[in-house]
Amino acid sequence: MGGSDTAIFLQPQKRKYDYLQTMRLIPHPVLCNYYVTYRCNAKCGFCDIWEKPSPYADPGTVAINLRHLKKLGVKVIDFTGGEPLLHRQIDTLLGLAKEKGFLTTLTTNCLLYPKWAEKLKGKIDMLHFSLDSAYKSEHDRSRGVACFDFVMESIDIAGSLGERPDILFTVFEHNMDQIEAVYENICLPNDLVLILNPVFDYNSVNTGPSLSKESLDKLTHWGKKTGIYLNEAFIQLRKDGGNHVTHPVCKAGSSTIVISPENKLVLPCYHLGLREFNIDNDLENLYHSEEVRKLIALEGRLPECEGCTINCYMQPSFAVEMNRYWWKALPSTIKYNRIKGTWKNMLKT
Ligand code: SF4
Ligand code: SF4
């Protein structure tokens, strides 16, 4: 992008949407999306990350970065990938984060969870098992590998260890009708929270047709049920046409720090990945540097940001700024925290 184009995006915009009435509540980043590897042992049709060659994050470097993340005010570390359980020292990384008082979260396709379960016990505050269908053939087809049986085995093992995983259901038009069976047959009998995660488009990844208004309304209906978590702000954002560059709701760069397996700071978000900076053991100063601040100022304002609904960044964006999405997100946040006691853990940090 040329300098003059960039300047346009940095201009304060005339407030056509005054009803948004924003007020920044938390000025610092709250979340770190720590990509421990881009490798994955599944091949989901709606994801392209597994195609990337990738190293594994070095534990010594992770330890240094965690110190800096603490100073930057980050509260939650999402150890992500690729498949994070492919990292042979993922238990060590999680332990380091817990020692420093972070809340930890990890989402897995479960292929490796049975092997890791004992070592991960007590180290993950928000553990998510991905499951998009109540039927083995459909789930395995969507994930490109046979992982349904591993999800079921993982639910049993986690339960026996006293862990409380959630089921993370990525919602497409084609699997809307599976929500009921997953809820009734898998979540309720095992006392698991069902997280409904509306699919989002990015780059050239084909995720199929966007969720229709009827499907969005159905999701709102499901979100009111006991034991189901749906961030209603995700639904509102889709109904509003996603992020708009003229009055961005996205706060990707200022709410979330993205670290790559190569130990680079990625800005303004992983999915756009406009620039990467070597961290070189000094994340705190790098984050506050002039160059990085300029890129953060572009969050949600780049041409690719128009219509964006990427949940990974919208969730923290809704948390740091009070606007209509903050209010929409609030009931589901309270509901999830009531069930899981996450706030209690946060207060201990
Ligand atoms: S399991 Fe996750 S990281 Fe792996 S291909 Fe599927 S969506 Fe992508
Ligand atoms: S709007 Fe989307 S693409 Fe743009 S910075 Fe935010 S998350 Fe990234």
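Residues numbered from 1 in each chain as written. Chains lettered and ligands numbered in written order. Predicted model: local features only at pLDDT ≥ 70, side-chain atom pairs only at ≥ 80, totals over all residues.

Colleague: Can you tell me about unusual backbone geometry, naming the residues and giving the values?
Modeller: Only a minority of non-glycine residues have a phi that is not negative, and only a minority of peptide bonds are not trans. Geometrically, the link from L267 to P268 is a cis peptide bond, its omega value of -5° lying close to zero. For P268, the position within the fold is in the loop between strand 10 (264-267) and strand 11 (275-278). A positive phi angle, near 55°, is found at D191, a position not held by glycine. Along the chain, the position of D191 falls in the loop between helix 7 (179-190) and strand 7 (194-198). With 10 C-beta atoms packed within 10 Å, D191 lands in the exposed category. Unusually for a residue other than glycine, N281 sits at a positive phi of about 60°. Here N281 is to be found in the loop between strand 11 and helix 11 (283-288). (Helix = DSSP H or I, 4+ residues; strand = E, 2+ residues; numbered from the N terminus. Buried ≥ 20, exposed ≤ 12 C-beta atoms within 10 Å, placed from the backbone.)

Colleague: Quick rundown of helix 5 (residues 136-143)? Include the residues and the values.
Modeller: Listed in full, the buried residues belonging to helix 5 are H139, S142 and R143. All buried residues of helix 5 fall inside an arc of 95° around its axis, so they share one side. Of the surrounding secondary structure, the elements contacted by the buried residues of helix 5 are helix 6 (148-160). Trailing helix 5 by a residue or two, G144 shows a phi angle of about 75°, which is positive. (Arc of directions from axis to C-beta. Contact = placed C-beta atoms within 7 Å.)

Colleague: Let's hear about the nonpolar core: which residues, and what values?
Modeller: Membership of the largest hydrophobic core comes to 93 residues, with the highest contact counts inside it found for I167, F169, V182, L194 and L196. L196 has contacts with F169, V171, I179, L219, W222, G223, I228 and L230, leaving out every residue within four places of it along the chain. (Core = buried A, V, L, I, M, F, W, Y, C linked by C-beta atoms within 7 Å.)

Colleague: Describe in detail the environment of L211, supporting the description with residues and values.
Modeller: Within the secondary structure layout, L211 lies in the loop between strand 7 and helix 8 (213-223). Counting along the chain gives 38 residues from L211 to E173, while the straight-line C-alpha distance between them is 5.6 Å. Beyond its immediate stretch of four places on either side in the chain, L211 contacts V171, E173, P198, L216 and R238.

Colleague: Quick rundown of the sheet that holds strand 11? Include the residues and the values.
Modeller: The strand order 8-7-6-5-4-3-2-9-10-11 describes an open sheet built from 10 strands, whose pairing is mixed. With one partner strand each, in any of the chains shown, strand 8 (228-229) and strand 11 form the two edges of the open sheet. Two elements, strand 2 (residues 31-35) and strand 3 (residues 76-80), share 5 bridges in a ladder whose sense is parallel. Paired with L31 across the bridge in strand 3 is V76. (Pairing = 2+ DSSP bridges.)

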